[in-house]
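Each chain is listed here by its residues.
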Amino acid sequence: MECLPWQEISAGQGSEHKSLAEFTPHASLCEAKRVGFNSPRFLHSARMQRGSLKEEKMYRVTRQIFFCYGHRLLDYEGKCRNFHGHNGKVEVELEAETLDGRGMVYDFTEIKSVIKDWIDEKLDHRMILNRKDPLLGALQKAGEPLYLMDENPTAEAIARLIYEYALSKGFPISEVRLWETDESFATYHR
Ligand SMILES: [Zn+2]
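Residues numbered from 1 in each chain as written. Predicted model: local features only at pLDDT ≥ 70, side-chain atom pairs only at ≥ 80, totals over all residues.

**Student:** Would you take a moment to explain the pairing of strand β6 (residues 185-189) for this structure?
**Tutor:** Consecutive side chains along a regular strand alternate between the two faces of the sheet. Where strand β5 (residues 173-179) lies against β6, 5 bridges are found, and the strand directions are antiparallel. The residue of β6 that forms the bridge with L178 is A186. Here β5 folds back onto β6, and the loop between the two strands holds 5 residues. (Pairing = 2+ DSSP bridges. Helix = DSSP H or I, 4+ residues; strand = E, 2+ residues; numbered from the N terminus.)

**Student:** Is there a simple way to think about the nonpolar core in this case?
**Tutor:** Grouped burial of nonpolar side chains is what soluble globular proteins tend to show. Counting residues in each nonpolar core, the largest one holds 25 residues, and the members touching the most others are V90, V92, I119, I158, A159, I162 and V176. Of all elements in the fold, only β1 (59-71), β2 (84-96), α5 (108-122), β3 (126-130), α7 (155-168) and β5 reach the threshold of two or more residues within this core. Leaving out residues up to four positions away in the same chain, A159 has contacts with V176, R177, L178, A186, T187 and Y188. (Core = buried A, V, L, I, M, F, W, Y, C linked by C-beta atoms within 7 Å. Buried ≥ 20, exposed ≤ 12 C-beta atoms within 10 Å, placed from the backbone. Contact = placed C-beta atoms within 7 Å.)

**Student:** Would you take a moment to explain the sheet that holds β2 for this structure?
**Tutor:** The strands making up a sheet associate through backbone hydrogen bonding, with each pair oriented either parallel or antiparallel. Taken together, 6 strands build an open sheet; the order of strands is β4-β3-β1-β2-β5-β6 and the sheet is mixed. Every interior strand has two partners, whereas the edge strands, β4 (146-149) and β6, have only one. Averaged over all pairs of adjacent strands, the angle between strand axes in this sheet comes to 30 degrees, irrespective of strand direction. Where β2 and β5 come together, 6 bridges link them in antiparallel fashion. Counterpart to L94 in the pairing with β5 is I173. Here α5 sits on the sheet and contacts β1, β2 and β4; the angle it forms with β1, its principal contact strand, is near 15 degrees. α7 contacts β2, β3, β4, β5 and β6 of the sheet and is inclined by roughly 145 degrees relative to β5. (Axes fitted to C-alpha atoms, helices over the stretch in contact; angles between N-to-C directions.)

**Student:** Help me understand α7, please; the structure alone is not making it clear to me.
**Tutor:** Two residues of an α-helix separated by three or four positions point the same way, owing to the 3.6 residues in each turn. For α7, with 14 residues, the first-to-last C-alpha span of 20 Å sits near the 20 Å given by 1.5 Å per residue. Within the sequence span of α7, burial applies to A155, I158, A159, L161, I162, Y163 and A166. Among the structural elements, β2, α5, β3, β4, β5 and β6 are those in contact with the buried residues of α7. (Expected span 1.5 Å × (residues − 1).)

**Student:** Just checking my understanding: could you explain unusual backbone geometry for this structure?
**Tutor:** Negative phi characterises most residues that are not glycine, and trans characterises most peptide bonds. Despite not being glycine, D75 has its phi angle at roughly 55 degrees, a positive value. Residue classification places D75 among the exposed residues on the basis of 8 C-beta atoms within 10 Å. Here H125, not a glycine, exhibits a phi torsion of approximately 55 degrees, which is positive. Take H125: it is sitting in the loop between α5 and β3.

**Student:** Would you mind showing me how to read the pairing of β1 here?
**Tutor:** Where β1 lies against β2, 13 bridges are found, and the strand directions are antiparallel. Paired with H71 across the two strands is H84, which belongs to β2. One ladder, built from 3 bridges, connects β1 with β3; its direction is parallel. Of the residues in β3, the one forming a bridge with H71 is I128.

Rendered as structure tokens:
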């Protein structure tokens, strides 16, 4: 998209936008034109540059966890209606404004011993299924290892499941990303 001078793209905007513009680089104005002048992203960025907001600095650590799972989706027309499996990768992201006495957000070893061990025990090499799955009884009878959810076991729902577990264990969790394939991931964050 062609970037226009501020005078052209600010026509008709309110006075706040004009004063924000004085402190906003040309590239940001082009972005604003694309996303809209009232978009929270533009207003936040412009106010930040004007100095009316304090930027929050945070530390983050991320632990990757790999596990295999099977699932299928109910009430869905695509291929995922059939049982199939994924080599999943979870990225667990923790965040803190200050470091602990060891100089850490969190010890990677503790992330492993709690979150990875829980995933290994509850989700790894299991079928993750909607509790309403009509084949549930047969799979249980056959002794298949299952993990049941109250909803479709999509990547989004599994990311939230892991997020909520980490939160329940007191981790300063900020985001969980579940890579279902090398190309696709779902995120759940605060
Ligand atoms: Zn799938």
